[in-house]
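Spelled out, the chains give:
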Amino acid sequence: MGFARACSVALVGVEGVVVEVQADLEPGVAAFTLVGLPDKSLVESRDRVRAAVVNSGAEWPQKKLTVGLSPASVPKGGSGFDLAVACAVLGAAERIDPAAIADVVMIGELGLDGRVRPVRGVLPAVLAAAEAGYRHVVVPEQTAGEAALVPGISVLGVRSLRQLIAVLGDEPVPEEPSADRGRPDTMLAGLMVPGAGLGTGLAPLSADGTAHRPDLADVAGQGRARKALEVAAAGGHHLLLSGPPGAGKTMLAERLTAILPPLSRQESLEVTAVHSVAGILPPGEPLISRAPYCAPHHSATMQSLVGGGNGLPRPGAVSLAHRGVLFLDEAPEFSGRALDALRQPLESGHVVVARAAGVVRLPARFLMILAANPCPCGRHTLTGAGCECPPSAVRRYQSRLSGPLLDRVDLRVEVEPVGRADLMGGGGRGESSAGVAARVREARERAAERLAGTPWTTNSEVPGHELRTRLVTAPGALMAAERDMERGALTARGLDRVLRVAWTVADLRAADRPDASDVAVALELRTGIQRGAPMKASAL
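Residues numbered from 1 in each chain as written. Predicted model: local features only at pLDDT ≥ 70, side-chain atom pairs only at ≥ 80, totals over all residues. Heavy atoms only, no water.

**Considering the sheet that holds strand β12 (residues 325-328)**
Selection rule: Each pair of strands is called paired provided DSSP finds at least two bridges between the two strands. Only DSSP runs of H or I with at least four residues qualify as helices, and only runs of E with at least two residues qualify as strands; both kinds are numbered from the N terminus onward.
Spatially, β11-β12-β15-β10-β16 is the arrangement adopted by the 5 strands of the open sheet, whose pairing is parallel. Edge positions in the sheet fall to β11 (293-294) and β16 (411-414), since each of these pairs with one other strand and no more. Sheet topology note: the strand β10 (residues 239-242)/β16 ladder contains 4 bridges and is parallel. Its bridge partner being in β16, Ser242 is matched across the sheet by Glu414.

**Concerning the side chain of Asn373**
Our working rule: What qualifies as a polar contact is a pair of N or O atoms within 3.5 Å, subject to a donor-acceptor requirement within protein and to the restriction that residues adjacent in sequence count only when both atoms come from side chains. By definition, residues are in contact when any of their heavy atoms lie within 4.5 Å.
Mapped onto the fold, Asn373 is located in the loop between β15 (367-372) and α15 (391-398). For Asn373, the side chain forms a polar contact with the side chain of Lys249, separated by 3.4 Å. Each residue touching Asn373, except ones within four places of it in the same chain, is listed here: Gly243, Pro244, Pro245, Lys249, Glu330, Gly378 and Tyr397.

**Section: the confidence of the model for the protein**
As a reminder of what qualifies: Every residue carries a pLDDT, the predictor's confidence in it, which falls somewhere between 0 and 100.
Across the protein, the average pLDDT comes to 87, with 89% of residues at 70 or higher. Scored below 50 in pLDDT, residues 196-201 makes 13 contacts in the model with residues more than four places away or belonging to other chains. In the predicted structure, residues 203-210 sits below a pLDDT of 50 and forms 15 contacts with residues beyond four places in sequence or in another chain.

**Let's talk about the packing of aromatic side chains**
The criterion, for reference: When the centres of two rings from Phe, Tyr and Trp lie within 6.5 Å, Trp using its six-membered ring, the rings pair. Their planes under 30 degrees apart give stacked, over 60 give edge-to-face, and anything left gives tilted. Categorising residues by exposure relies on relative accessible area from a 1.4 Å probe, with only protein chains included: less than 20% of the type maximum marks a residue as buried, more than 50% marks it as exposed, and the intermediate range marks it as partly exposed.
Scanning the entire structure with this criterion turns up 1 aromatic pair. Considering the side-chain rings of Phe32 and Trp60, the 5.7 Å spacing of their centres and the 40 degrees angle between planes classify their relative orientation as tilted. One end of the pair, Phe32, is in strand β3 (residues 31-35); the other, Trp60, is in the loop between α2 (45-55) and β4 (64-70), with 28 residues separating them in the sequence. By relative accessible area, which is 10% here, Phe32 ends up buried.

**Some words on the pattern of salt bridges**
Formally: Take a side-chain nitrogen of Lys or Arg and a carboxyl oxygen of Asp or Glu: if they are within 4 Å of each other, that pair is a salt bridge.
All chains considered together, the criterion is met by 28 salt bridges. Between Asp515 and Arg509 there is a salt bridge whose closest N-O contact spans 3.0 Å. By relative accessible area, Asp515 is classed as partly exposed at 25%. Judged by its relative accessible area of 29%, Arg509 falls in the partly exposed class. Through salt bridges with shared partners, a single ionic network connects Glu347, Asp407, Arg408, Asp410, Arg493, Arg497 and Arg526.

**A closer look at the packing of helix α18 (residues 433-450) against helix α21 (residues 492-508)**
The cut-off we apply is this: Axis lines are fitted to C-alpha atoms, over the contacting stretch for helices. Their N-to-C directions set the angle, which ranges from 0 to 180 degrees. If you view the pair so one helix is near and one far, a crossing is left-handed when the near helix is turned anticlockwise from the far one by less than a right angle, and right-handed when it is turned clockwise. Under this grouping Gly is polar, as are all residues other than the nonpolar Ala, Val, Leu, Ile, Met, Phe, Trp, Tyr, Cys and Pro and the charged Asp, Glu, Lys and Arg.
Two elements in contact, α18 and α21, have axes separated by 8 Å at closest approach and are oriented at 120 degrees. For the crossing formed where α18 meets α21, the hand is right-handed. Facing α18, whose interface residues are Arg439, Ala443, Arg446, Ala447 and Arg450, α21 presents Trp503, Asp507 and Leu508. The class makeup of the residues in the contact of α18 with α21 is 4 nonpolar, no polar and 4 charged.

Put into structure tokens, the structure is as follows:
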């Protein structure tokens, strides 16, 4: 009787659970039994592993073989267990030393010819292995760079099962031919979900279909909207852009990521882990260092926004936009259930999705941009434009954005139509994204210095109790906001959000604390009513 064990990782959402793959050989009729709550793709690994072992030059044991995946109560799926199953079987057959694989985490799919194919979710799997105390992992060669992002882990990237057997047995490592140059690498197909590339709105596209970085200087006019965009980027505040079609709402939203600061190391790992699980991590770019941008179509379902799917839930648009921007164009056209499902992640920064297969917690701390027309035809606010929508239709259209959802939006700006002088260049070219990004970065540094020693890094994350007790404004600064609250124009949540925006405005003008003018600007940005403090560059 032979026994051996190796380790792999089962992903539950974007979190991993280390799984011990045990192989047991007993005398009897040759059979291969796989237990431990596997799904269909994992059950099929029996045929893949047998063919890969034989085609790698090793002998398949003609005995009763049982492979167990422990803990057996955790659902397991995918083809990433193939490599661990093959090594456990070879260890039980004494083809390799069982002690050499006992504490090694192995992740990878096996082809019938013995090649090791990459799988999605390598980064969160290696992170889970590191947290469990493992220090050695074996992954496909194509994902070795992704696995090496985890500190303190020794990573071995292999092309085939033959190479791994040689490494474990201290034998000469055979050379494996690489992919033909000039042709797509078919081995990378397992990393990308079909149809989940850049075309789904994960990054703005140029005319030729490639990702590009739009510049804020391309926007003609729109001084108020540009300043609101700067405030949103500096403090992480949600923004509603309302106005007629063609005014530039989408252009502004697409340029928000260009003025956001680069992601920190921890934030980059979080974003990369989510994108790796979702199958949208660009090949050759193991670490995402820029804020992601996700713009789902208005026909998106609630499950596609917050996460869902058959079996264990998969990340939705709010998780793909984690630490980045979620842009909802034509927001009133989204279903009411889908929009109201955003209320929880807007407050908590994560989504808890409960299904029959289990409960999954997905990260979802994003900056939301809503774009809306004033009425179904979009000409309601234009003078002489001939809007024919009845008042009831206008009210019904505008009420699709519920009050609780709008109460979580800090900034609301009316985007006016662009005049001929601005459009034809008479107003001069606007400030570039680089200049605005520099001010945003300085404002975020001031906020981070002020919030040092707390779990928060931006003003939008600070709880209301801290705003009213620990972070004190200038004397008399809140008089206008308190009057609005007494009249019912502001809720308690609304007052807290006005305070957060006021702190961001003060950070942008390098002030120690907000005064009455900063609160007036924050109230104007939230209500759209001017308070005697015009939003000029000097005010910010």
